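The residues making up each chain are set out below.
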Amino acid sequence: MAATVWDLSLPALLFALGIVVAGGVVRGFGGFGGAMVWVAGLVVLLPPTSVIPTVFVLEVVASAAMLPQVWRQVHWKSLRWLFAGTMIGMPLGMWALTQLSGDLVRVLLGVAIIGSAVAMAAVPDRQSLPGPGVTAATGMASGLLNGGFALGGPPAVLMYFSASTHVAAGRASLVVFFLVIDAFGAAGSAAGGLLTLPVLAQIALFTPLCMLGAAAGKWMFDRTTAHQVRQRVLWLLGFLGAAVLVQVALR
C-alpha cells in the first residue's frame, strides 16, 4: 500500500482526487460527512496513519471556510456539553489508533457508521434536542471515534439531525463542533509525528479540491428541505458504513 498520494499510480491518484471532491460536496451540504467519505475512500489506497491526519486538517479548513455563513444559527447551549464529553473521549481514541491494526480500525469504523444510521432510522423525529446528560455522552462517543478514526461525526450527527426542526441549527453547530475537535486532532497528529512533509504536501494538493466540493454542497443544501436533509443523511451514513466493511472483506 502506498504511503501517501505521491506514491500512487495515475488511475489511483485520480480516484483519490475524486474522493476528496465528493467529500467536500457532502461536507458543504450537511455540515458533516466529509471525513466519512475521505476516510472510507482513501483507506483503500493509503494507510490510516496517512489518511487520518490529512482528514483532520481538511476538516479544519472546511469548517473555517463555512463558519462565517452559519455563525448566527449555532446552538451554543448544546455545544458546551458536547465539547465537555468530547475532550474526555478523544485521548482514548488517539491511543487506540496507535494500538490497533489497520483492518481492525476499518471494521470498527464501518460498524460505527452503520450503527449511527440504524439509530437514526429507529429514533423518531424529535421536536427538541436532548438534555445535558445525553449531549455529554454523545460528545464522549464522538471524541473516542474522532481520536481513533478522524470520525467523530456519527454520534453528533445522530443527535442534531434526529430533530428535523433543528436541521439548520444542527448543521451550523456541527461546523463549529468539527472545527474545534479536528483542530485538536490535527494538533495531536502533529505531536505524534504523523504530519510529515509528504503528508503536508498531500494536504496542500487536496485542499482546493475540498473547497470546490464544499461550495457545490452548500448550493445543494440551500435548495433542499429539512425533511429531505434528514433522509439523505440517513442513507449517506448507511452507504458509507457498508462501503468500509466491503473494503475490508475484499482485502
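Source: prediction; values computed, not measured. (Residues numbered from 1 in each chain as written. Predicted model: local features only at pLDDT ≥ 70, side-chain atom pairs only at ≥ 80, totals over all residues. Heavy atoms only, no water.)

Topic: helix α9 (residues 197-221)
An α-helical turn contains 3.6 residues, so a residue and the one three or four places further along point in the same direction. Under the convention used in this document: Each helix is a run of H or I in the DSSP string that is no shorter than four residues. Each strand is a run of E no shorter than two, and both are numbered from the N terminus. A helix is expected to span 1.5 Å for every residue after the first. What the bend at a residue measures is the angle between two axes, fitted to the seven residues ending there and to the seven starting there. Exposure classes here rest on a 1.4 Å probe applied to the protein chains alone. A residue is buried below 20% of its type maximum, exposed above 50%, and partly exposed in between.
Under the 1.5 Å per step criterion, the end-to-end length of α9 is 35 Å for 25 residues, consistent within 8% with the ideal 36 Å. At F206, α9 shows its largest bend, some 30°, and a proline, P208, comes one to four positions later. Within α9, the full set of buried residues consists of V199, Q202, I203, F206, T207, C210, G213, A214, G217 and F221.

Regarding the environment of F56
Among the secondary structure elements, F56 is positioned in helix α3 (residues 48-70). For the pair F56 and A187, spaced 131 residues apart in the sequence, the C-alpha separation amounts to 9.1 Å.

Here's the deal with the nonpolar core
Our working definition: The definition of a nonpolar core used throughout is a set of buried Ala, Val, Leu, Ile, Met, Phe, Trp, Tyr and Cys residues joined through side-chain atoms within 4.5 Å. Here, two residues are considered to be in contact whenever any of their heavy atoms come within 4.5 Å of each other.
In this structure, F32, L79, L82, Y160, F161, L174 and F177 are the most contacted members of the largest nonpolar core, which totals 27 residues. Of all the secondary-structure elements, those providing two or more residues to this core are α3, α4 (76-99), α7 (153-161) and α8 (167-191). Ranked by residue count, the leading element in this core is α8, at nine residues. In this structure, L174 is in contact with G30, G31, F32, A156, V157, Y160 and F161, ignoring residues within four places of it in sequence.

A short note on the packing of helix α1 (residues 10-30) against α8
Just so we agree on the cut-off: Whenever a helix is involved, its axis is fitted only over the stretch in contact; in every case the axis is a line through C-alpha atoms, and angles between N-to-C directions fall within 0 to 180 degrees. Note on terminology: angles under 35 degrees are roughly parallel, angles over 145 are roughly antiparallel, angles of 65 to 115 are roughly perpendicular, and the others are oblique. Gly is put with the polar residues, along with every residue not named as nonpolar or charged; the nonpolar set is Ala, Val, Leu, Ile, Met, Phe, Trp, Tyr, Cys and Pro, and the charged set is Asp, Glu, Lys and Arg.
Two elements in contact, α1 and α8, have axes separated by 8 Å at closest approach and are oriented at 125°. By the angle class used here, α1 and α8 are oblique. Here α1 contributes R27, G28, F29 and G30 to the contact with α8, which in turn contributes R171, L174, V175 and F178. Split into classes, the residues belonging to the contact of α1 with α8 amount to four nonpolar, two polar and two charged.

A short note on the packing of aromatic side chains
Note the cut-off: Aromatic contacts are taken between Phe, Tyr and Trp rings whose centres are within 6.5 Å, Trp giving its six-membered ring; a plane angle under 30 degrees counts as stacked, one over 60 as edge-to-face, and the others as tilted.
Considering all chains together, one arrives at three aromatic pairs under this definition. Taken together, a centroid distance of 4.9 Å and an interplanar angle of 65° make the contact between W71 and W76 edge-to-face. Residue classification places W71 among the partly exposed positions, given a relative accessible area of 46%. Geometrically, the ring pair formed by F177 and F178 is tilted, given 5.5 Å between the ring centres and 55° between the ring planes. Both residues of the pair, F177 and F178, count as buried. Ring pairing ties together the aromatic residues F83, F177 and F178, which thus form one cluster.

Description of the UniProt feature "transmembrane region" (unreviewed entry) in the protein chain
So the rule is basically this: UniProt positions are given in the numbering used here, feature names are shortened, and annotations may be inferred rather than shown by experiment.
Under the UniProt annotation, the feature "transmembrane region" (unreviewed entry) is placed at residues 12-30, 37-58, 78-97, 104-123, 143-162, 174-197, 203-221 and 233-250. Secondary structure content for residues 37-58 is 77% helix and 0% strand, and the end C-alpha separation is 12 Å.

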